[in-house]
Amino acid sequence: MKKIKWFSMMMIGGLVLSACAAPATPPSTPTVTPTAGPVTLMVMTHDSFAAGEAVIAEFERQNNVKLSFLKSGDAGAVVNRAILSKDTPLADVLYGVDNAFLSRALDAGIFEQYNSPQLAAISSEFKLDPQNRALPVDFGDVCINYDKAYFDQKKLQVPQSLEDLEKPEYKGLLVVENPATSSPGLAFLLATVAHFGQQGYLDYWKALRSNDVAVVNGWEIAYYTNFSGSSGKGAQPMVVSYNTSPAAEVVFATQPIDSSPTASINGPDTCFRQIEFVGILKGTHQRALAEKFIDYMLDVSFQQDMPLQMYVYPVNPKAGLPEVFQKYAQLPSQPARLDPDQIAKNRDAWIQAWNGVVLK
Amino acid sequence: MSLAGVSEPSSRNSSSNRALWLWLIPLIFLAVFFFYPLAAVFRMAGSISLVKAGQTSAWGQVAQPLAFTLWQAVLSTGLTLLLGLPAAFIFARFSFPLKNLLRVLVTLPFILPTVVVAVGFNALLGPHGLVNSTLMSAFNLQEAPLKVMNTLAAILLAHIFYNTSVVIRVVGSSWTQLDPRLEQAGRVLGASPWRVLSEVTLPLLLPAILAATLLVFLFDFTSFGVILLLGGPRFATLEVAIYTQALEMLNLPLAGLLSAVQLGCTLLMVVIYTRLSSKQAVPLMPRLQGEGTRKTGGRLETMLVFGMVAVLFILLISPLVALVLRSVTILAAGQGAAHGPAISLDYYHELFVNRRQSFFYVPPIQAVKNSLQYALLTVVISLSMGLLVIYALRPQRRLNRSLDAFIMLPLGTSAVTLGLGYLLVFNRPPLDVRTFPWLIPIAHSLVALPFVVRALQPTLCSIPQSLRQAAAVLGASSLRVWYEVDLPILTRAALVSAIFAFTISLGEFGATSFLARPEYPTLPVAIYRYLSQPGELNYGQALAMSTILLLVCSLCIFLIEKISREG
């Protein structure tokens, strides 16, 4: 008998607890009702978005607003979710669409035009949308990282070009991500398309395949279980990651170290430049606040906060770079680029063809 | 075996009509939180012209993942049963040292995020893992002899790792309540142990075995993370294909078609299950708990028990141990460091520091709190719904069989599809994905409900009507009959259900990442966040956070079991 009482008490206790627990999550402030107290500006973004407490708090204080973030998967997934929900937009601002998905977002008409005054300072190489519906915020390069210790011990030369990777001495040493499921994987595929052209890139991948390139589905697995230079101590000493990853390895070392265990290969066309954009979502009821937030993202204080939060480079030339970036991260002088329209038209076909050559 | 129908009360019709009312709340719940969002996705997928999907033959793109999905699910389920049934047997029939601890430990794999499992498997079976390096040094090999990662073997191993506890819990709880005198009678009458097993024990356990098989099969059938991360890009289940088509390719018609096929298959399997199990329920006098357990006698039994424990340890527990060990090990820093790996709690200390002054930093205590809140709510919601459902299901009628299938559907539904549906329909107050915190435990409850129902139903069916009639004859009101007859017998099964609901919620990542506000992440979400950036500290903190998840979960399961045993 006692047993049942215990059980019913647990159930009741659970109910009471959960009833108390629920309000612990903050009261909702619907975006549409600008009543007393701060309004909420909803920002839809990808899972890797990060920002300092200080810069967020400053914007909230200046504008008497509460910033709320909706994280919706990787860069591609965010854009697709925004497109699927465009009739009843989930947010006021979308940050995180990159040049690989830019045209899809623009064609779907999810953004409103905004000619931010901050744009004047930003180099035209980043402004890929002449109508300013999507405004550049930051950039970075997807590059191959290598395990320095491995190449030292084997007295092996570090490859300097995409072509080098076909050589027999690098057989089985590279892991890449599946372009269908990973944003750096797609970027690397685009780099090979940019370098070898639409005619030649599949032959290159055939050569990589016979040179035992390893393919996995996500960056986390590639970096932490396959790459030998990370803490996972995997099998391959080369991985498709970012040009800033070596700097992150220094910042996130357990004991202070003065050189990174990894470095990135910055040869011609071995890296692919990713530019990330922000835009005001069509149908927002907070247009004025959304504009202010975009101005703020492009201004110096936010731009200087970004590098150590997301390991990307600011587009605003007035923003200074942190010391670890200057010491341990290098910007490739000749990254591969492709026209966003061309990417939008062919991306799915390229991925399908790649799939046939590399995985089948 | 025809005892089942005999003891139905004469007032059958009125009581079964009353049972119809019990459906009301569960069906409203399913309609609002399952069918409505699902319909929205299908409507949207249907509204887009199928021409895009039709570029190549759409069926070709469905057939291939469908065939692989079925093939790996059959294999995985078979292997899981092969390990789970003997394990359930030793848990039900023998007492051995540290049994309670082992029972908690084998449940833990269930809650681990796939990324972390990949890390654990890699630490054991990877090219530089423990097994390979031992073999390489023992036999002086140049290359790693075992290549498991990114193969079908990795998928099967991971499915066994995740789902064996389902078999142990569901079948084990029935086995414990089985009257040992039936088996003893068989032995006394001269049957061999094998004959007793095949003609007495297994037929009596069949409802529980079928229920466990269905649950494991559906889990394997809709497998996502395991295929994506451990199987690698050469393998795709329907679930993986839906994810790629919906979120990466934006090919909604094809994603909708794949989802429909997946749902259809789920429905088919549930129907087969109901067919098979409808005739099997035999009411039996419930026994005292632990009555049938005994110490091992004889060398054969001792070997059996310890062999089984060893296998469980190798397959289910060693990856966990590898994780925990790695979370307290700091590898030598930099190149040419003089000292080897050191034991340290640095990763744990670091969890409490917001080094980047990040807006999204979560103190570990807060992540634990978020996770526990969601898990508790899930237990309460799914258990209350589950109790209503099993009583509603009791009268044998055709309608009930189809409704039973509806309850199981969420388990066979793509999380991506449902998540999209939530975004499409719950976008204004009061039900708003952005602000309504209950949607997460509700989504978890949808997945937990099939478990709760399958764990409770065989037990309810096994309660002999004569017990209730006796109580009623002695003057007990129907409420009192329920309280004093049904409830005590159901408690053990309810406990199993509670543990399932709790662990499902604690480990769930897909729906949570879809619906959670980033300021209130659960433990798995926090773990993913660490693993999405390079650097040793991030890696270490992810493992430390996983260890905390394991600890919190074991503590809670231990508490639930202790309360029920001693209460």
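Owing to the predicted nature of the structure, the values given are computational and were not obtained by experimental measurement.

Chemist: Sorry if this is basic, but what is going on with the confidence of the model for chain A here?
Modeler: Segments scoring low in pLDDT should not have their predicted coordinates read at a detailed level. Residues of chain A with pLDDT of at least 70 account for 90%, and the chain-wide mean is 88. When the criterion is pLDDT under 50, residues 1-35 of chain A qualifies, and its contacts beyond four places in sequence or with other chains add up to 43 contacts.

Chemist: Would you explain the packing of helix 10 (residues 193-221) of chain B against helix 19 (residues 439-462) of chain B in this entry?
Modeler: The description of two helices packed together rests on the angle between their axes and the distance between the axes. All names here are of chain B. The contact between helix 10 and helix 19 brings their axes to 10 Å, and the two run at 175°. Judged by the angle between their axes, helix 10 and helix 19 are roughly antiparallel. Touching P207, A208, A211, L214 and L215 of helix 10 are P450, F451, R454, P458 and C461, all from helix 19. Looking at the contact of helix 10 with helix 19 residue by residue, the class counts come to nine nonpolar, no polar and one charged.

Chemist: Mind showing me how you'd approach helix 6 (residues 114-125) of chain B here?
Modeler: Because an α-helix packs 3.6 residues into every turn, residues spaced three or four apart end up facing the same way. Residues and elements named next belong to chain B. When the terminal C-alpha atoms of helix 6 are compared, their 15 Å separation across twelve residues agrees well with the 16 Å that a helix rising 1.5 Å per residue should span. Burial of helix 6 is extensive: twelve of the twelve residues sit out of reach of the surface. Among the residues of helix 6, T114, V115, V116, V117, A118, V119, G120, F121, N122, A123, L124 and L125 are the ones counted as buried.

Chemist: What is the right way to look at the domain arrangement of chain A in this model?
Modeler: How big an interface is tends to be stated in terms of the accessible area lost upon association of its parts. All names here are of chain A. What the domain assignment reports for chain A is domain 1 (34-139 + 274-326) and domain 2 (141-273 + 332-358). Distance from the C-alpha centre of domain 1 to the C-alpha centre of domain 2: 27 Å. With four residues, helix 4 (residues 102-107) is the largest single contributor of residues to the side of domain 1 that touches domain 2. Here the residues of the side of domain 1 that touches domain 2 sort into nine nonpolar, four polar and three charged.

Chemist: Please clarify how the domain arrangement of chain B should be interpreted in this entry.
Modeler: All names here are of chain B. When the domains of chain B are assigned, the result is domain 1 (18-47 + 353-567) and domain 2 (59-280). Here domain 1 and domain 2 have C-alpha centroids that lie 20 Å from each other. Each partner contributes to the interface: domain 1 provides 45 residues, whereas domain 2 provides 41 residues. Of all the secondary structure elements, the ones that give two or more residues to the side of domain 1 that touches domain 2 are helix 3 (24-47), helix 17 (398-408), helix 18 (415-425), helix 19, helix 21 (478-507), helix 23 (523-531) and helix 24 (536-566). Counting residues per element, the side of domain 1 that touches domain 2 draws most heavily on helix 24, at eight residues. A breakdown of the residues in the side of domain 1 that touches domain 2 according to their chemical character gives 30 nonpolar, ten polar and five charged.

Chemist: Before we go on, may I ask you to explain the interface of chain A and chain B in this structure?
Modeler: Contacts between the two partners involve 71 residues from chain A and, on the opposite side, 64 residues from chain B. Element by element, the count of residues in the side of chain A that touches chain B is highest for helix 1 (residues 2-21) of chain A, at twelve residues. Broken down by class, the residue content of the side of chain A that touches chain B amounts to 36 nonpolar, 25 polar and ten charged.

Chemist: I'm lost on the environment of V251(A) in this one. Help?
Modeler: In this fold, V251(A) is placed in helix 8 (residues 245-251). Classification of V251(A) by C-beta neighbours within 10 Å gives buried; the count is 21. In this structure the C-alpha to C-alpha distance between V251(A) and Y328(A), which are 77 residues apart in sequence, comes to 10.0 Å. In this structure, V251(A) is in contact with V324(A) and G535(B), ignoring residues within four places of it in sequence.

Chemist: Whenever I open this one, the packing of helix 19 of chain B against helix 21 of chain B confuses me. Can you help?
Modeler: All names here are of chain B. At their nearest, the axes of helix 19 and helix 21 sit 8 Å apart, and the two run at 155° to each other. By the criterion of interaxial angle, the relationship of helix 19 to helix 21 is roughly antiparallel. Every pair of crossing elements has a handedness; the one defined by helix 19 and helix 21 is right-handed. Contacts from P441, H444, V447, A448, F451, V452, A455, L456, T459 and L460 in helix 19 reach I489, L490, A493, A494, V496, S497, F500, A501, I504 and S505 in helix 21. Residues of the contact of helix 19 with helix 21, tallied by class, amount to 16 nonpolar, four polar and no charged.

Conventions and cut-offs
- Residues numbered from 1 in each chain as written.
- Chains lettered and ligands numbered in written order.
- Predicted model: local features only at pLDDT ≥ 70, side-chain atom pairs only at ≥ 80, totals over all residues.
- pLDDT = per-residue confidence, 0-100.
- Contact = placed C-beta atoms within 7 Å.
- Axes fitted to C-alpha atoms, helices over the stretch in contact; angles between N-to-C directions.
- Helix = DSSP H or I, 4+ residues; strand = E, 2+ residues; numbered from the N terminus.
- Parallel < 35°, antiparallel > 145°, perpendicular 65-115°, else oblique.
- Nonpolar A, V, L, I, M, F, W, Y, C, P; charged D, E, K, R; others polar.
- Expected span 1.5 Å × (residues − 1).
- Buried ≥ 20, exposed ≤ 12 C-beta atoms within 10 Å, placed from the backbone.
- Domains from an automatic or database assignment.
- Left-handed = near helix turned anticlockwise from the far one by under 90°.

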